[in-house]
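Each chain, letter by letter, is given below.
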Amino acid sequence: MSYKVFARKWRPLNFAQVVGQEHVVRVLVNGLENDRLHHAYLFTGTRGVGKTTIARVLAKALNCPHVVNAEPCGKCETCLDVDHGCYPDLIEVDAASRTGVDDTRDLLENVQYYPSRGKYKVYLIDEVHMFSKSSFNALLKTLEEPPDHVKFLLATTDPQKMPVTVLSRCLQFNLKRFMPSQIEGQFKLILESEGITYQSQATELLARAADGSMRDGLSLLDQAIVHGNGELNEADVIDLLGSVAREPVLDLLNALLTKDGATVLDCIGTLDEFAPDYAQVLQSLLSYLHQIAVCQIAGLENTDKSLQSLAEALSKEDVQLYYQIALMGQKDLPLAPTPKLGFEMVLLRMLAFLPADRAARASVPISQAVNQTTTSSTRKAPAKLVIPEKKTLERVAPIEVKLAAKPSVVSEPKKPAKENIVWHELVQELSLDPVTLQLANNSTLVRLDQNECELMLVSGHVSLNKNSEQNLQQALSDHYGRKLALKLIEGTKDTVTPNSIANDKAADRQRLAEEEVLNSPTVKKIMDVFGAEIIEGSIKPIGE
């Protein structure tokens, strides 16, 4: 018997065998069990994710006479004929080779006739986006109102090329790309079932190379087994894919740990003896840096020991810096004179942009460096808002509230707000809506204690919207992390508010601009010679 490739031999024959597309399978199974079947299904997704496979399983489930819990039995004549591609009531069409309108008309000519053996006549159209506009128009009416005995199963990798009139008549399912772990799991199941010895590092490399496609992954698996003469090991896969072994990349990371450029260049020179693809080396470097960062943050126990030691030796800041530089270096690599020079510059850039204090600690033992970092972090006091001296705030004085100017309104003087709170700066941090922001900008802070925040409104401005008061109260409570009650009192026309501060600054800018123009020798000379006059209001500060 001729050899059958894994992509065909291990193709799912029922819904239970489908991997990674549970969101699609659940809907189809529920529809079959409850007899809520649509007349047209559209399966979309990248190549090798199971669009045609799921469509064939659905075609079997629709016509299998021994369906159990929406699963085709797989043993009856109907199921076997569908698996072998000779079932008369399943009409499979490759739209890429039948794009003309005449082909579509011939296809639909027998739609009105009942199926010869099964319950439904199923039309499976693959790569349906390749149909011409005329073909879609010919299909449209039948797709909208097909006979009860007809089901359409459409598959495409590019639904954007399909008319919206067709899309709106189909129940659409978007199949996901496979995760490397899902592909690797399927690899191991197949290899163990086939009795083939393998190394986990080899299956991991192949799963990443599959790039989300199970079919591509199984084809690579076939190729790798032949390359390894019936076995699957890391060295053969590396040779097949043209990638670099794990150890040289880890050696690069250890060289970066020394913070010594000469050591890094020597390591790259050793790596160059293997004539690697430096773009793939950079990809591997990014992958290991990601694993190290995850180990540092999440502390996963199943991380490789060599990566764990690197995670302990490298600081979190260095790992993030290296990752970002390597990520940006991918774009620069094709522009370099040679790939090796481009790769060297990426790694030298990692050392060049390393902060000086961390570079100086390169020779310090790891445990000592950790202790120093911990000690220095404990010394740092939390950042506090520093208020400038009173001399710089005499004109605006945003936090000084003098209530004695209007004793008739306030019977006793209020305590000023805490000195480390500048109201007009605080307002900018609260992310208020426009109405609430207007209320805040026309008030100033009088008092803030544990349970209450008291604001003074400028005379003539009243709050007409209770929602804005509630929004401001909520914003202040969220900012300070405790529930605060908001109290509003009336102030004078001279009350210093964020609006008055902004107006004063604008007036100062206008005054300085006018003085600069009027004192300009050139302007004075023009006015003297030509008798010119400056039009009032024509002078505007730069940027306004």
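Residues numbered from 1 in each chain as written. Predicted model: local features only at pLDDT ≥ 70, side-chain atom pairs only at ≥ 80, totals over all residues. Heavy atoms only, no water.

A. Main features of the overall build of the protein. The helix and strand inventory of the protein stands at 24 helices and eight strands. Evaluated residue by residue, the protein yields a buried proportion of 40% over its 544 residues. For the protein, the proportion of contacts with a sequence separation of at least 24, taken over those separated by at least 6, is 71%. For the protein, the exposed surface amounts to about 31,000 Å²; the carbon and sulfur share of it is 52%. (Helix = DSSP H or I, 4+ residues; strand = E, 2+ residues; numbered from the N terminus. Buried < 20%, exposed > 50% of the residue type's maximum accessible area, 1.4 Å probe, protein only. Contact = heavy atoms within 4.5 Å. Areas by Shrake-Rupley, 256 points an atom, 1.4 Å probe, with all protein chains shown as cover.)

B. Quick look at the packing of aromatic side chains. The tally for this structure, following the rule as stated, stands at five aromatic pairs. With a centroid separation of 5.7 Å and 80° between ring planes, the pair formed by F131 and F136 is classed as edge-to-face. We note that F131, like F136, is buried. Ring centres of Y278 and F343 lie 5.2 Å apart, and the angle between their planes is 40°; this geometry places the pair in the tilted category. Within this pair, whereas Y278 is found in helix α14 (residues 278-298), its partner F343 is found in helix α17 (residues 339-352), the two being separated by 65 residues in sequence. Here Y278 falls in the buried class, since its relative accessible area comes to 4%. Look at F343 and you get buried, because its relative accessible area is 0%. Taken together through their ring pairs, the aromatic side chains of Y41, F43 and F173 make up a single cluster. (Phe/Tyr/Trp six-rings, centres within 6.5 Å; stacked < 30°, edge-to-face > 60°.)

C. Just the sheet that holds strand β5 (residues 171-174), in detail. What the five strands build is an open sheet, ordered β2-β3-β4-β1-β5; its pairing is parallel. Unpaired on one side and paired on the other, β2 (90-94) and β5 mark the two borders of the sheet. Between one strand axis and the next, the sheet turns by 15° as a mean value, whatever way the strands run. Strand direction decides the pairing type here: strand β1 (residues 40-44) and strand β4 (residues 150-156), joined by five bridges, are parallel. Within β4, the position partnered with A40 by the bridge is F152. In the packing of helix α2 (residues 22-33) onto the sheet, contacts are made with β1 and β5, and the angle to β5 comes to roughly 150°. (Pairing = 2+ DSSP bridges. Axes fitted to C-alpha atoms, helices over the stretch in contact; angles between N-to-C directions.)

D. Seen up close, the pairing of β1. Taken across its five residues, β1 has five buried, putting it largely inside the fold. Neither face of β1 is exposed, since A40, L42 and T44 on one face and Y41 and F43 on the opposite face are all buried. The pairing of β1 with β5 spans four bridges and is parallel. Looking at β5, one finds that T44 is bridged to N174.

E. View of the pattern of salt bridges. Overall, the coordinates contain 21 salt bridges when judged by the stated rule. With its nearest N and O atoms 4.0 Å apart, the salt bridge here joins D211 to R47. Of this pair, D211 sits in the loop between α9 (200-209) and α10 (214-227) while R47 sits in the loop between β1 and α3 (51-63); the two residues are 164 residues apart in sequence, bridging distant segments of the chain. With its nearest N and O atoms 3.6 Å apart, the salt bridge here joins E184 to K188. With a gap of four residues between them, E184 and K188 both fall in helix α8 (residues 180-194), about one helical turn apart. In this structure E184 comes out as buried when scored by relative accessible area, which is 17%. Judged by its relative accessible area of 26%, K188 is partly exposed. (Salt bridge = Lys/Arg side-chain N within 4 Å of Asp/Glu carboxyl O.)

F. Local environment of the side chain of T497. You can see T497 is positioned in the loop between β8 (485-490) and α23 (498-518). One polar contact links the side chain of T497 to the main-chain carbonyl oxygen of N441, over a distance of 3.4 Å. (Polar contact = N/O pair within 3.5 Å; in protein donor to acceptor, adjacent residues only side chain to side chain.)

G. Structural detail: the sheet that holds β8. Ordered by their spatial adjacency, three strands build an open sheet running β6-β7-β8, and the pairing between neighbours is mixed. In this open sheet, the two strands that pair with only one neighbour each are β6 (443-448) and β8. Here the average twist between neighbouring strands, direction ignored, is 30°.

H. The nonpolar core, seen in detail. Formed by 48 residues in total, the largest nonpolar core has its most connected members in F15, L28, F43, L58 and L221. Ignoring anything within four residues of it in the chain, the contact list for F15 reads V25, L28, V29, L32, V57, L58, A61, A70 and E71. Within the second largest apolar cluster, 35 residues are counted, among which are L250, F343, V346 and L347. (Core = buried A, V, L, I, M, F, W, Y, C linked by side-chain atoms within 4.5 Å.)

I. Structural view of the packing of α14 against α17. Between α14 and α17, the shortest axis-to-axis distance is 9 Å and the interhelical angle comes to 25°. Put simply, α14 runs roughly parallel to α17. Residues Y278, V281, L282 and L285 of α14 pack against P339, K340, F343, V346, L347 and M350 of α17. Its residues assigned to classes, the contact of α14 with α17 comprises nine nonpolar, no polar and one charged. (Parallel < 35°, antiparallel > 145°, perpendicular 65-115°, else oblique. Nonpolar A, V, L, I, M, F, W, Y, C, P; charged D, E, K, R; others polar.)

J. A nonpolar patch on the surface, seen in detail. A contiguous nonpolar patch, built from I526, V529 and F530 and spanning about 340 Å² of accessible area, is present on the exposed surface. Inspection of the secondary structure puts V529 in helix α24 (residues 521-530). (Patch = residues over 30% accessible without salt bridge, like charges linked within 9 Å, V, L, I, M, F, W, Y side chains within 5 Å.)

K. Structural view of the environment of T203. Relative to the helices and strands, T203 resides in helix α9. For the pair T203 and G217, spaced 14 residues apart in sequence, the C-alpha separation works out to 9.7 Å. Residue contacts for T203: discarding those within four places in its chain leaves E184, F187, K188, L191, Y198 and L232. One polar contact links T203 to E184, side chain to side chain, over a distance of 3.1 Å.

L. Expanded view of the state of the cysteines. Taken as a whole and judged by the stated rule, the model has zero disulfides. For the unlinked cysteine C73, the closest cysteine sulfur is that of C76, found at 3.4 Å. Taking relative accessible area as the criterion, C73 reaches 29% and is therefore assigned partly exposed. (Disulfide = S-S within 2.5 Å.)

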